[in-house]
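Fold and contact review
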Amino acid sequence: QDLTFWSWRQEDRAAYEQFIDTFEAANPGITVKFETFEATNYNTILSTALAGGTGPDVMMVRAYGGLENVAVAGYLEELTTESVPALAEFAAPAIAAESVRADGKLYAVPFASQTQLVIYNSKIFADNGIEEPQTWDDLMAASQKLKDAGIIPFANGTATAWQNETVTFGLGSSLMGKDFYDELMAGTTDFTDERFTGALASVNALAQDYFPDGFIGLDYPSAQQLFSSGMAAMFVGGSYELATFKTQNPDIEMGVFAAPGETAEDAKLVGLYFDGGYAANAAGANKEAAIKFLNYLASPEFGQAFANTLNNISTIPGVTFDNPLLAEVNELNQSSIPYLMLAHFRYGEPSGSVLIQAEMQKLFSGETTPEAIGEALTTGLAAWYEPFKS
Amino acid sequence: MSAATTSYYDRKGILGTLGRDGLLQIILIANTIFMLAPIVIMVFSAFKTTPQIFQSPFGIPDFTQVQNFIKIWSETNFLRYLANSFVVTGASMVLILTLGTMAAYAIGRYAFTGANFILMFFLAGLTLPLKLAIIPLFMLMRDLSILNNQLSLIFVYTAMGLPSTVFIMTGFIRTLPNELEDAARMDGASEARIMWSIMLPLVRPAMVIAGIQNVVPIWNDFFFPLVFIQNDNLKTLPQGLTTFMGEYTTDWGVLFSGLTLSAAPIIIIYIVLSRQFIAGMTSGAVK
Amino acid sequence: MAAVILRGAGWDGETTVAQLSLRGIKKRFRDTAVLHGIDLEIGDREFVVFVGPSGCGKSTLLRLIAGLDPITEGEFVLNGTRMNDVAPSRRGIAMVFQSYALYPHMNVYENMAFGARLMGLEKPEVERRIAETAAMLRLEPLLKRKPRELSGGQRQRVAIGRALVRKPDVFLLDEPLSNLDAALRSEVRLEIAKLHREIGGTMIYVTHDQVEAMTLADKIVVMNNGRIEQVGSPRDLYETPANTFVATFIGSPRMALVDVTRDGNRLVVANGGALAPGALPAAETLKLGLRPDAVHLSRGQGSEGLSARVEYTEYLGDNAYVYVRLVDGTLLSARTTPNDLYAPDEAVTVSLTPGAAHYFSAEDGRRLNP
Amino acid sequence: MAAVILRGAGWDGETTVAQLSLRGIKKRFRDTAVLHGIDLEIGDREFVVFVGPSGCGKSTLLRLIAGLDPITEGEFVLNGTRMNDVAPSRRGIAMVFQSYALYPHMNVYENMAFGARLMGLEKPEVERRIAETAAMLRLEPLLKRKPRELSGGQRQRVAIGRALVRKPDVFLLDEPLSNLDAALRSEVRLEIAKLHREIGGTMIYVTHDQVEAMTLADKIVVMNNGRIEQVGSPRDLYETPANTFVATFIGSPRMALVDVTRDGNRLVVANGGALAPGALPAAETLKLGLRPDAVHLSRGQGSEGLSARVEYTEYLGDNAYVYVRLVDGTLLSARTTPNDLYAPDEAVTVSLTPGAAHYFSAEDGRRLNP
Amino acid sequence: MPQFRMTGRGLWITALIVPPLCFVALFIVYPIISAFAYAFFDWQGLKRLDFVGFENFHTVLFVEPYRSWTLNAFKNNIIVFFALMVLQNGLGFILAYALWRELPGARFHRIAVFLPVVLSTIIVAYLFKLFYHPLFGVVNISLKSIGLGEWAQPWLGQSGTALWSIIVAQAWHMVGFPTLVFLAGMQRIPSEILDAVRMETESEWVKISKIVWPLVAPSATIVFTLLFVGAFNWFELPYIMGGLDGSPFGSTDVLGLYFYRTAFGNVSSGQQDFGLGSALAVLIFIFIAAIAAVITTRLRAREIQL
Ligand SMILES: Nc1ncnc2c1ncn2[C@@H]1O[C@H](COP(=O)(O)OP(=O)(O)OP(=O)(O)O)[C@@H](O)[C@H]1O
Ligand SMILES: Nc1ncnc2c1ncn2[C@@H]1O[C@H](COP(=O)(O)OP(=O)(O)OP(=O)(O)O)[C@@H](O)[C@H]1O
Ligand SMILES: [Mg+2]
Ligand SMILES: [Mg+2]
């Protein structure tokens, strides 16, 4: 039986081929063909193929709203603990990320969680005698010190729209605080909340001073390059960056920390979300083999290999992290709030991400205020987000 | 210079002429530099490492540093992609120019009822956002059983290229003098012969233009191959390379050598054919 | 079944017939009516010359015969077959265009070979014909040139050559020699006459050159304003023009028309004297037509004849013409010898060469028989 | 300071001078040498006509004078100023192109107004001039038409009109009347002559029409193969052609050349008889040039004179020409009256009109004085 | 033009027209019409729900935030169109004129002008992104080196400069095309006509405006229409340089991007909605097709046979 397996992770091709070899060795008679597509067009291609009835047997799908797009139309095979027993062990948020909200049905095996935090160049920190900051002021002071030393404190640029969201929540989660998140979810507050707008103001102040000159015109790959080449000391980003930086510069030594809150007492929160999952085609010809393959993809054995080779936080319970950095990220994950817009506000249009990305770009170019952003987000989301409709 | 004392045709004319041509010459030279510089930078960058690109974008690289190319060469099916691109682009261009010229000729040379309507139909084809139609198109290809087949690309490209080709060629064909057609008709030429031997040679520039207008997007397109072609052996150059370059998103050196490699065949062909190209352009004199 | 026209069979010894009838042909361009009803029979092997003022519709008529423009009304019949809807290439007609219409992308040789090859001729035959034609038209050194590298006259010769090579049944020539020098023109003219004798095709020829018209034509068709004024042999037209238009159009310098009234058997010009030319038509007032040869000048103020003043003299080498103005303002020309020149403003007396006068109706210009 | 040429001042009464000198002018198109050294002086207000066989370089020379093509070698001097590098529009020259070169997107009125407006003329003045010119050239009903809706002759008139409207100092006309009918042609010819008298601009005129050349020119320049063969008044050229080329080129029908050897004061044609024309040049063998008027025919085989056979006859209305072939193959033409026609193949005897023969060197064709 | 009624002509014209028509009908018109039908349905992700008539059209035109997005993208397209009209077509005309004069080196210049045209949009986009790089970009580096450091900008990061920066890249890329078309048009002007005008004026301006320009009307029609269609279908370059969102905050958003991300979603921020996307596509199409038809017919009327 031949399975086709589609993915947008072009950079992970070699690793996946290895995993597949393992699977094929264990399951004679099943062969898996791994095909990758350019990430930005993956949605289009997958939608087209599914709609055209020639989709792959197994595929990577997005999480949250991105999953619903595909799942609601009935293209995906529903997964249960019967068909994939290992799923029973998965953490609830991970399962939720790959389920449709309306009926709670699960459609994919979650494969990785990502954490928004601050990555730093530990050699530069050491050379300049800087410690992981405990308060926002520490962070500012450390940045100033780096700047004085002629080092770019933060590598980030915001020309690439989605980086704005990363920067906002990578830096601002602790400033917003868990209470804000809970109240927001409970519907007792909205984005005009001062905790939120205050956080935005702080992030903006930091960016204006310690992001590279002209950071609003700096695109994502250049920002990565600035960090990995050692020209900048810190990078606000996802845990997925770690692997990239290592590839770009194998010699780089990195550390991670959660951006601090106002005071040392404030909980240091990272933004956490689930990246995507593996799903089976409801109309696939080899569904049985596909489920078998999904079972493999949900197995701890795979999770371990996944974590080891791809340097990513597998969602499979029980996976341990050889890589100290990953272990540290895993540690930080214990104190987190969800990556807000992705996890909760991408179910309708305009999505929270669309709004925050554009509004932050405005803020960074001085064309709006944090308060106005709060207003814009709340009214914008009110278009489809029930709790804000009032 | 005092114009009052300069006699009417002593010098003013000469200077005037020189000045004008001089200005045009300066425009041309400036433009040429501006046109070529980015391409030179691209080629240079292909031989550099990423930090080198950032630090000295204009620097002349060490041309023996071909590891970027080697990487592409060894990790992709480069020659196969190249061959596929040639097949797809070549076949599409042949179809586009043949069919496009046919339609344009009919519309441009014969006054028949509906000519204008047909032209508008093609013009509408020019304005349609074909990306939207990707799903129906995909199903169509599936029903024709040419998914994962280069025919699907060739057909889509041909259909995409026809509107602009018809549009461009009609404009040129329309303005050819009737008397040549009359003369050929008197010479006993059939309609087909008039078209082939008399009119078409005179619209070679239009064909060149239509060709250029279409060959580049087709050569560089990766959207349709992405959707229609999954078999690695059938992938075209841009598709093959973007898939590959996805793995090197931040390695500008490799990126540029990929770009250089995918642009090189068409640039080389262009330069090699530039003589014919220019000859084709100048063959349009109708009198 | 309708007769099949063998294109270009003529030259190769086969006898083909090419008899043309134009019946009530009209042509309109959108709202401009150009031809108002042309009726004309052209016999096989006839050499017909169309003359007429610029813009009178000669080229248009040729294009209708060729089939290049649709006939608005009327019928064109070739050898008994209605041709209105037959494609130009199937009519067995070749045409030399007034504006040459050479193929700009082909050299001279290719221009000439194009039509011939299309007739299905073998390559050697085409080469032979081109060599022959090129020699006749002095085109040999130019065979490899493109049209734009040729002078006007050279282009015109290529255009003629292109048609000649095809040896068609019917040959339409639209002012084919207008850009040639006199010497070459008379040579090519002779060649065309010879060709016509040898090939025997039917020729329709448009020209503004009187010498060409007079020497080549079996039949001259005088057109004016989209209508035929007169059809006849050169001699007919010259000697018995049907009306004042033809009379003044044919012959150079042109015939002068003098308004006269009849007084017995004398013709009186207002305040200007009188003439007694002999037999006269019946009308009271009429137009007297005088060609240069009909006018006899004598110096000074004579008692009989018309008094006039010399305006200017044209020297033409073998002839000279004196232009004199009558008292009523009419300009007459008289032939004289190059050595017998008159001074401007000299007073002269005009008398008539007997029997050389023409008479036309004062009302509608028709010829009146004396 | 060099004289300032006010473009188009002529007509408005100011006296401007336009004196042209061509000095050793050569022209090459890549590797084709077209003009091989032209030296010519053209005086102010002169009317110069260029004639010569097709392709001899007349249009090319005009283009050099106009400044449209660069002069390969030599100098063109206008009123003492070297003009080689002066822009065409600054030379005060207007040109009528052989191929008309009308602006296809402008109607007739706009075509004529374009240059005039560019000269800085006021709109009413331009309108006045166009009205005047259009009347003269019979263009009034066509003013709103686009060139492609005009007949050949109409286009040519527009081209002339466009140049006339500008009233330039120097006027170049390249076969401006070749597509007009005889009647219109002689009318326009007269208008041009009149214009020239009135405006006084310098005119340079290319034509293939002998009548035009003879009647219009103050000075005719005969060109051949990129060289000037002779410059002179029409009468000079006709009566004392410098060489056989000019002799045969000027005059229609062309002068016949008979190879003769001298035997005392008789000229003997090989096997064909002898003539005794009177005073003779010194050379032993020479070419005898005979124009139609110099040839006298008598029917039958005479004792004195050359025996010949009639080939054919051309009827021209007022004249007729008989073409006869001598024993050595030379074709002679003789003028006869339209009523005195000879039958083909009739035997005739050729004798000479006294004093009408021309003599040329048998070696280089130069004229020999008797 | 010859009339249609002559024998066999109809068949011949049919033979010429039908195959290309079939291609376009089958591979463009038919799929597009099927896709246009999406516009009349409500969608949830990839799932088609009820027929909703013109509701989607109403939404994209009149309901916030779509309304302002639509207007913003449309406004940007208009800027792009007029800017390219000047930068691309205007410059193209001047370049064509200069090349046409056959000045020394014209051959080389000709090759150079057209070279960028053969490059892919990706290459152009990447190159110019590098040029506009706020830290290492040659634009800023050059400005600093000539003492205009304060003019250095994060070109692609500010709403004021981002769109223009992309427009310049586009003009660089495609200026060769109008040049080519105009040059081809100029070369068809009979030389006698140019001679005639040289006799009357040496003013380059008169020559260009009164003779050359009217006589290259067919080229102008082609270039204008294609530019119009191209400007309102603009996608690749802003997509690569500004991103699918029209970063920063919609200042480089154009209808092409907007429609695409509405229909197919944006991985990093947005949802997929075929209904709204198709409604947009239909509106864009109607707009472009209507205006293009008007432009073409009006411009075609100026054309004359040589
Ligand atoms: N396409 C057209 N549209 C309108 N009128 C036209 C068209 N073609 C020709 N004409 C007009 O028809 C008349 C006849 O034109 P035609 O070319 O037959 O004249 P012609 O006798 O050949 O003149 P010429 O001796 O000057 O060549 C002219 O008045 C001309 O202006
Ligand atoms: N661009 C060119 N390239 C090469 N040869 C040319 C070019 N233009 C003209 N000639 C040649 O130069 C010669 C002179 O041409 P020109 O046009 O001056 O002749 P012309 O005397 O005006 O003849 P016609 O009376 O036939 O108009 C001809 O033999 C012609 O073929
Ligand atoms: Mg005509
Ligand atoms: Mg000439």
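Values in this document were obtained by computation on a predicted structure and should not be read as measured data.

Each helix and strand in chain E was counted, giving 14 helices and two strands. Oriented by its inertia axes, the alpha-carbon framework of chain E measures out at about 75 × 70 × 30 Å. Counting all 306 residues of chain E, 66% fall into the buried class. A sequence separation of at least 24 residues applies to 66% of the contacts in chain E between residues at least 6 apart. Element-wise, carbon and sulfur atoms account for 69% of the exposed surface of chain E, whose accessible area totals about 10,200 Å². Positive and negative charge centroids in chain E, built from 19 and 16 side chains respectively, lie 6 Å apart.

To continue, consider the overall build of chain C. Each helix and strand counted, chain C has eight helices and 20 strands in total. Its C-alpha atoms give chain C principal-axis dimensions of about 75 × 45 × 40 Å. Relative to its 370 residues, chain C shows a buried fraction of 59%. If you take every contact in chain C between residues at least 6 apart in sequence, the share linking residues at least 24 apart comes to 66%. In the form shown here, chain C has an accessible surface area of approximately 14,200 Å², with 48% of it arising from carbon and sulfur atoms. Of the side-chain charges in chain C, 44 are positive and 45 negative, and the distance between the mean point of each set is 6 Å.

Residue and element names in this part refer to chain A. When you tally the buried positions in strand S6 (residues 232–238), you get seven out of seven residues, the bulk of the element. Direction of pairing for strand S4 (residues 109–121) relative to S6: antiparallel, over a ladder of five bridges. In the sheet register, Leu117 faces S6, and the bridge partner there is Gly237.

We now examine empty space enclosed by the protein. Counted according to the given criterion, the structure contains 14 cavities of 30 Å³ or more. Quantified by volume, the second largest cavity comes out at close to 90 Å³. Along the walls of the second largest cavity sit Tyr42, Asn43, Leu46, Ser47, Met60, Val61, Arg62, Gly66, Asn69 and Val70 of chain A together with Gln272 of chain E, which together make up its complete lining. Those elements that place two or more of their residues in the lining of the second largest cavity are helix H2 (39–51), strand S3 (58–62) and helix H3 (64–72) of chain A. Its residues assigned to classes, the lining of the second largest cavity comprises five nonpolar, five polar and one charged.

Taken together, the contacts link 18 residues of chain B with 24 residues of chain C. Between chain B and chain C, the buried area comes to about 1,800 Å², and carbon and sulfur atoms account for 65% of it. Contact with chain C buries surface across chain B, with Asp182, Met186 and Asp187 of chain B losing the most and accounting together for 39% of the total. Summed over the shared surface of chain B and chain C, the number is two salt bridges. The salt bridge involving Arg63 of chain C is made with Asp182 of chain B; its shortest N-O contact spans 2.8 Å. Where chain B packs against chain C, one counts six residue pairs in polar contact (both at pLDDT 80 or more). Counting only elements with at least two residues in the side of chain B that touches chain C, the list comes to helix H8 (178–186) and helix H9 (191–202) of chain B. By residue number, the principal contributor to the side of chain B that touches chain C is H8 of chain B, which donates seven residues.

Moving on, we get to the site of ligand 1. Taken together, the neighbourhood of ligand 1 is formed by 19 residues, with Ser59 and Thr60 of chain C together with Arg145, Ser151 and Gly153 of chain D sitting nearest. Ligand 1 sits at a junction of chains, with neighbouring residues supplied by chains C and D. In the model, an oxygen atom of ligand 1 is placed 2.8 Å from a nitrogen or oxygen of the Gly55 of chain C main chain. At 2.5 Å from an oxygen atom of ligand 1 is found a side-chain nitrogen or oxygen belonging to Arg145 of chain D. Across the complex, the protein chains shield 87% of the 640 Å² of accessible surface that ligand 1 would expose by itself. Breaking the shell around ligand 1 down by element, the ones donating at least two residues are helix H1 (58–66) of chain C together with helix H4 (152–166) of chain D. Of the residues in the shell around ligand 1, the class split is four nonpolar, eleven polar and four charged.

Our next topic: the sheet that holds strand S1 (residues 20–29) of chain C. All names here are of chain C. If you trace the four strands from one edge of the open sheet to the other, you get S2-S1-S4-S5, paired in antiparallel fashion. Sheet topology places strand S2 (32–42) and strand S5 (81–82) at the edges, where each strand pairs with a single neighbour. Bridging between strand S4 (residues 73–78) and S5 involves two bridges; their strand directions are antiparallel. Across the sheet, Leu78 pairs through a bridge with Thr81, a residue of S5.

Contacts to ligand 2 come from 19 residues, most closely from Arg145, Ser151 and Gly153 of chain C together with Ser59 and Thr60 of chain D. At ligand 2, the nearby residues belong to more than one chain, namely chains C and D. Residue Ser54 of chain D places a side-chain N or O atom 2.8 Å away from an oxygen atom belonging to ligand 2. Here an oxygen atom of ligand 2 sits 2.7 Å away from a polar atom, N or O, in the main chain of Gly55 of chain D. In isolation ligand 2 has 630 Å² of accessible area, and contact with the protein removes 87% of it. Its residues placed into classes, the shell around ligand 2 shows four nonpolar, eleven polar and four charged.

For the rest of this paragraph, the subject is the confidence of the model for chain E. Residues and elements named next belong to chain E. On average, residues of chain E score 83 in pLDDT, and 96% of them reach the 70 mark or higher. Contacts of residues 1–6 to residues separated by more than four positions or lying in other chains number 21 contacts, the stretch itself having pLDDT below 50. With a pTM of 0.83, the predicted complex shows an ipTM of 0.81.

Buried residues of helix H3 (residues 67–75) of chain B: Asn68, Phe69 and Ile72 of chain B, and no others. Summarising the axial view, the buried residues of H3 of chain B lie within an arc of 95°, below the 170-degree limit, and thus occupy one face.

Moving on: the confidence of the model for chain C. Across chain C, the average pLDDT comes to 84, with 95% of residues at 70 or higher. With pLDDT under 50 throughout, residues 1–14 of chain C is counted as low confidence; its partners more than four residues away or in other chains account for 34 contacts.

Residues and elements named next belong to chain B. Together, Phe86, Ile268, Ile269, Val272 and Leu273 make up a nonpolar patch on the protein surface, roughly 440 Å² of accessible area in all. Per element, the largest residue contribution to the nonpolar patch is three residues, and it comes from helix H13 (residues 252–272). As for its placement among the helices and strands, Ile269 is situated in helix H13.

Our focus in this paragraph is the nonpolar core. Side chains of a nonpolar character, in soluble globular proteins, are inclined to be buried together. Counting 432 residues, the largest nonpolar core has Phe5, Leu171, Phe191 and Tyr278 of chain A together with Phe228 of chain B as the members making the most contacts within it. Among the elements that line this core, the one with the most residues is helix H3 (residues 66–100) of chain E, at 14 residues. Beyond its immediate stretch of four places on either side in the chain, Phe228 of chain B contacts Ile134, Leu137, Phe138, Met141, Leu147, Asn148, Ser152, Leu153 and Val156 of chain B.

Splitting chain C by domain gives domain 1 (11–239) and domain 2 (253–361). Between the C-alpha centres of domain 1 of chain C and domain 2 of chain C there is a distance of 39 Å.

Their axes nearest at 10 Å, the elements H13 of chain B and helix H5 (residues 121–131) of chain E cross at an angle of 145°. Note on packing geometry: the crossing formed by H13 of chain B with H5 of chain E is left-handed. The residues of H5 of chain E that touch H13 of chain B, namely those facing Trp252, Leu255, Phe256, Leu259, Ser262 and Ala263 of chain B, are Ile122, Ile123, Tyr126, Leu127 and Leu130 of chain E. A per-class count over the contact of H13 of chain B with H5 of chain E returns ten nonpolar, one polar and no charged.

Where helix H2 (residues 108–118) of chain C is concerned, the buried positions are Val108, Asn111, Met112, Ala113, Phe114, Gly115 and Ala116 of chain C. Against H8 and H9 of chain B together with helix H3 (123–136) and helix H4 (152–166) of chain C lie the buried residues of H2 of chain C. Measuring from the side-chain oxygen of the N-cap residue of H2 of chain C to the backbone nitrogen of Tyr109 of chain C gives 3.1 Å; that N-cap residue is Asn107 of chain C. Remark: Gly120 of chain C follows H2 of chain C within two positions and exhibits a positive phi of approximately 90°.

About the criteria used
- Residues numbered from 1 in each chain as written.
- Chains lettered and ligands numbered in written order.
- Predicted model: local features only at pLDDT ≥ 70, side-chain atom pairs only at ≥ 80, totals over all residues.
- Heavy atoms only, no water.
- Helix = DSSP H or I, 4+ residues; strand = E, 2+ residues; numbered from the N terminus.
- Buried < 20%, exposed > 50% of the residue type's maximum accessible area, 1.4 Å probe, protein only.
- Contact = heavy atoms within 4.5 Å.
- Areas by Shrake-Rupley, 256 points an atom, 1.4 Å probe, with all protein chains shown as cover.
- Lys, Arg positive; Asp, Glu negative; His and termini not counted.
- Charge placed at Lys NZ, Arg CZ, Asp CG, Glu CD.
- Pairing = 2+ DSSP bridges.
- 1 Å grid on protein atoms, 1.4 Å probe; cavity = no way out; pocket = protein on both sides within 12 Å on 5 of 7 lines; lining within 4 Å.
- Points joined across faces, edges and corners; volume = space filled by probe spheres on them.
- Nonpolar A, V, L, I, M, F, W, Y, C, P; charged D, E, K, R; others polar.
- Buried area = accessible area lost by both parts, 1.4 Å probe.
- Salt bridge = Lys/Arg side-chain N within 4 Å of Asp/Glu carboxyl O.
- Polar contact = N/O pair within 3.5 Å; in protein donor to acceptor, adjacent residues only side chain to side chain.
- Near = heavy atom within 4 Å.
- pLDDT = per-residue confidence, 0-100.
- Arc of directions from axis to C-beta.
- Patch = residues over 30% accessible without salt bridge, like charges linked within 9 Å, V, L, I, M, F, W, Y side chains within 5 Å.
- Core = buried A, V, L, I, M, F, W, Y, C linked by side-chain atoms within 4.5 Å.
- Domains from an automatic or database assignment.
- Axes fitted to C-alpha atoms, helices over the stretch in contact; angles between N-to-C directions.
- Left-handed = near helix turned anticlockwise from the far one by under 90°.

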